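As a plain string of letters, each chain reads:
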Amino acid sequence: MPTNEKEINCNLFDQLSILERIEAATNDPGALKQIAIERRQIERKLYQDPPLTKEE
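Parameters and conventions
Residues numbered from 1 in each chain as written. Predicted model: local features only at pLDDT ≥ 70, side-chain atom pairs only at ≥ 80, totals over all residues. Heavy atoms only, no water. Axes fitted to C-alpha atoms, helices over the stretch in contact; angles between N-to-C directions. Helix = DSSP H or I, 4+ residues; strand = E, 2+ residues; numbered from the N terminus. Parallel < 35°, antiparallel > 145°, perpendicular 65-115°, else oblique. Left-handed = near helix turned anticlockwise from the far one by under 90°. Contact = heavy atoms within 4.5 Å. Nonpolar A, V, L, I, M, F, W, Y, C, P; charged D, E, K, R; others polar. Core = buried A, V, L, I, M, F, W, Y, C linked by side-chain atoms within 4.5 Å. Buried < 20%, exposed > 50% of the residue type's maximum accessible area, 1.4 Å probe, protein only. Expected span 1.5 Å × (residues − 1). Arc of directions from axis to C-beta. Polar contact = N/O pair within 3.5 Å; in protein donor to acceptor, adjacent residues only side chain to side chain. Salt bridge = Lys/Arg side-chain N within 4 Å of Asp/Glu carboxyl O.

A. Layout of the packing of helix 1 (residues 5-25) against helix 2 (residues 29-46). At a minimum axis separation of 10 Å, helix 1 and helix 2 run at an interaxial angle of 165°. Classed by the angle they form, the pair helix 1 and helix 2 counts as roughly antiparallel. Considering only the axes of helix 1 and helix 2, their crossing is left-handed. Residue-level inspection shows Asn 9, Leu 12, Phe 13, Gln 15, Leu 16, Leu 19, Glu 20, Ile 22 and Glu 23 of helix 1 in contact with helix 2, the latter providing Leu 32, Ile 35, Glu 38, Arg 39, Ile 42, Glu 43, Lys 45 and Leu 46. Tallied by class, residues from the contact of helix 1 with helix 2 come to 9 nonpolar, 2 polar and 6 charged.

Right under this line is the structure:
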């Protein structure tokens, strides 16, 4: 389990990288639509304000 915001952000960037690789490997419109949904959800977490964790 990530303990700070940097670790959380690294995990989210890794998820985005995985989506990019899947997107490059598929032509299925249904899969591409789902990838877009997943990307928006990840980006919402990644760029939210205030951050996911409270730095102390």
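B. How the structure looks around the nonpolar core. Within the largest apolar cluster, 7 residues are counted, these being Ile 8, Leu 12, Leu 16, Leu 19, Ile 35, Ile 42 and Leu 46. Broken down by secondary-structure element, the contributors of at least two residues to this core are helix 1 and helix 2.

C. Quick peek at helix 1. Over its 21 residues, helix 1 extends 31 Å from the first C-alpha to the last, a length consistent with the 30 Å expected when each residue adds 1.5 Å. Turning to helix 1, its buried residues number three or more, namely Glu 5, Ile 8, Leu 12, Leu 16 and Leu 19. The buried side chains of helix 1 occupy one side of the element, clustering within an arc of 80° when seen end-on. Exposed side chains of helix 1 directed beyond 90 degrees from the buried face belong to Lys 6, Arg 21, Ala 24 and Ala 25. In the core, the buried residues of helix 1 are packed alongside helix 2. At the N-terminal boundary of helix 1, the capping side chain belongs to Asn 4, with an oxygen 3.0 Å from the backbone nitrogen of Lys 6.

D. Structural view of the pattern of salt bridges. Taken as a whole and judged by the stated rule, the model has 1 salt bridge. Across the pair Arg 39 and Glu 23 runs a salt bridge, and its minimum N-O distance is 2.8 Å. Residue Arg 39 is found in helix 2, and its partner Glu 23 is found in helix 1; the two are separated by 16 residues along the sequence. With relative accessibility at 18%, the residue Arg 39 sits in the buried group.

Nothing here speaks to function; it is geometry throughout.
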